[in-house]
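# Report on the structure
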Amino acid sequence: EVITDSGETVNPTLHVTLHGVVANQLLADNPPETWQTVQRLAGLGYDWHNVMHMIMGPVTESVYQAMAKKRPFDREEFVQQLDELPGDWPPPE
């Protein structure tokens with residue numbers, strides 16, 4: 001595990017895996033709202049890495065719901081979480 005600047009503990013393998021999940025969504029254009037969200041956030045001035053991390057939030061929530069609560073992927077909920085980005089992220093520099 002790695003401790004980030006904000007004091008969070010992150011499993012590096014999980015972190016890289018989540019980057020891969022987002023990348024696969026973008027490559028497959030499935031769901032298309034992921035790419036639309038990337039474009040919207042980039043248009044607000046966020047850089048690629050921060051955009052990836054923002055999208056990893058809803059992805060992590062979806063994976064958690066599937067693994068821990070045995071719930072199927074809820075596309076509507078996922079898209080709603082994408083729409084709420086950037087949420088409380090600091091504005092781009």
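Small disclaimer: the values here were computed from a predicted structure and weren't measured.

### Some words on the overall build of the protein chain
For the protein chain, the count of helices and strands is 4 helices and 2 strands. When the helices and strands of the protein chain are placed in sequence order, the string is β-β-α-α-α-α. For 93 residues, the compact-globule estimate of 2.2 N^0.38 gives 12 Å, and the C-alpha radius of gyration of the protein chain, at 13 Å, lies within 12% of that figure. C-alpha extents for the protein chain along the principal axes are approximately 40 × 30 × 25 Å. For the protein chain, the proportion of its 93 residues judged to be buried stands at 29%. Considering only contacts in the protein chain between residues 6 or more positions apart, those separated by 24 or more positions represent 60%. Surface summary for the protein chain: the accessible area is close to 6300 Å², and the carbon and sulfur share equals 56%. Of the side chains in the protein chain, 5 bear a positive and 14 a negative charge, and the two mean positions are spaced by 11 Å.

### Describing the nonpolar core
Among the nonpolar cores identified, the biggest contains 15 residues, and Val22, Leu41, Val51, Ile55, Val59 and Leu85 are the most heavily contacted of them. Among the secondary structure elements, those contributing two or more residues to this core are helix H1 (12-28), helix H2 (32-43), helix H3 (48-68) and helix H4 (75-83). By residue number, the principal contributor to this core is H3, which donates 6 residues. If we ignore the near neighbours within four places in the chain, the residues touching Leu41 are Tyr46, Val51, Met54, Leu85 and Pro86.

### With respect to the confidence of the model for the protein chain
Across the protein chain, pLDDT averages 89, with 91% of residues at or above 70. For the protein chain, the element scoring lowest by mean pLDDT is strand E1 (residues 2-3), at 57; H2 scores highest, at 97.

Conventions and cut-offs
Residues numbered from 1 in each chain as written. Predicted model: local features only at pLDDT ≥ 70, side-chain atom pairs only at ≥ 80, totals over all residues. Heavy atoms only, no water. Helix = DSSP H or I, 4+ residues; strand = E, 2+ residues; numbered from the N terminus. Rg over C-alpha atoms; globule rule 2.2 N^0.38 Å. Buried < 20%, exposed > 50% of the residue type's maximum accessible area, 1.4 Å probe, protein only. Contact = heavy atoms within 4.5 Å. Areas by Shrake-Rupley, 256 points an atom, 1.4 Å probe, with all protein chains shown as cover. Lys, Arg positive; Asp, Glu negative; His and termini not counted. Charge placed at Lys NZ, Arg CZ, Asp CG, Glu CD. Core = buried A, V, L, I, M, F, W, Y, C linked by side-chain atoms within 4.5 Å. pLDDT = per-residue confidence, 0-100.

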